[in-house]
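Commentary on secondary and tertiary structure
Letter by letter, the chains look like this.
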Amino acid sequence: KEILQIASCLGAEFSIHHINLAASSSPNMITRAVEVLLFRKIILPRSDTGKYRWAHDRFQNSAFKLIPQDECSQFRYMIGRKLIDNFSQDELIEHAFLVSGLFYGG
């Protein structure tokens, strides 16, 4: 559930690396969850990028609705904070819009 919630906040396209940085789940558990999502065709791989995308925007919206509405802002803030704390300077520059969107609800 946490992995779906985090992925939904990361946007239409996301990487396991970003989920690993933000999640409390182990990397093995995250990898297994992604494999199940791929098998069920909820997410699809982006060719040669190491990223994934939602198979349909309704899947992303449904995953986002798993976050209680009164906790949504705090949850997004927590993801943004963990990414900032764990990104290299280059990653932070590359993903500045993602991080700012998490803080400001974009």
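Quick look at the structure, then.

What helix α7 (residues 96–104) keeps buried is the set Leu98, Val99, Gly101 and Leu102. On an axial view of α7, the arc spanned by its buried residues comes to 160°, and they lie on one face. Opposite the buried face of α7, at more than 90 degrees from it, the exposed residues are Phe97 and Tyr104. Buried-residue contacts for α7 involve α1 (2–10), α2 (16–22), α5 (72–86) and α6 (89–94).

Another aspect to go through is the packing of aromatic side chains. Overall, the coordinates contain three aromatic pairs when judged by the stated rule. Pairing phenylalanine 14 with tryptophan 54 gives two aromatic rings, centres 5.6 Å apart and planes at 50°, and the pair type is tilted. Of this pair, phenylalanine 14 sits in strand β1 (residues 13–15) while tryptophan 54 is found in strand β3 (residues 51–54), placing the two residues 40 residues apart along the sequence. For the residue pair phenylalanine 14 and tryptophan 54, the accessibility class agrees, reading buried in each case. Relative to phenylalanine 103, the ring of tyrosine 77 has its centre 5.1 Å away and its plane inclined at 65°; by these criteria the two rings are edge-to-face. Here the residue tyrosine 77 occupies a position in helix α5, and phenylalanine 103 occupies one in helix α7, the gap between them amounting to 26 residues.

Structurally, histidine 17 can be placed in helix α2. Classification of histidine 17 by relative accessible area gives partly exposed; the value is 39%. When the C-alpha positions of histidine 17 and glycine 50 are compared, they lie 9.0 Å apart, and in sequence the two are 33 residues distant.

Below, the discussion takes up the packing of α1 against α5. Direction vectors running N to C along α1 and α5 enclose 80°, while the axes themselves pass 10 Å from each other. By the angle between their directions, the pair α1 and α5 is classed as roughly perpendicular. Residues Gln5, Ile6, Cys9 and Leu10 of α1 form the contact with α5, whose own contacting residues are Phe75, Arg76, Ile79 and Leu83. Of the residues that constitute the contact of α1 with α5, the class distribution is six nonpolar, one polar and one charged.

Procedures and definitions
- Residues numbered from 1 in each chain as written.
- Predicted model: local features only at pLDDT ≥ 70, side-chain atom pairs only at ≥ 80, totals over all residues.
- Heavy atoms only, no water.
- Buried < 20%, exposed > 50% of the residue type's maximum accessible area, 1.4 Å probe, protein only.
- Helix = DSSP H or I, 4+ residues; strand = E, 2+ residues; numbered from the N terminus.
- Arc of directions from axis to C-beta.
- Contact = heavy atoms within 4.5 Å.
- Phe/Tyr/Trp six-rings, centres within 6.5 Å; stacked < 30°, edge-to-face > 60°.
- Axes fitted to C-alpha atoms, helices over the stretch in contact; angles between N-to-C directions.
- Parallel < 35°, antiparallel > 145°, perpendicular 65-115°, else oblique.
- Nonpolar A, V, L, I, M, F, W, Y, C, P; charged D, E, K, R; others polar.

So far we have only geometry, and geometry alone does not tell us how the molecule works.
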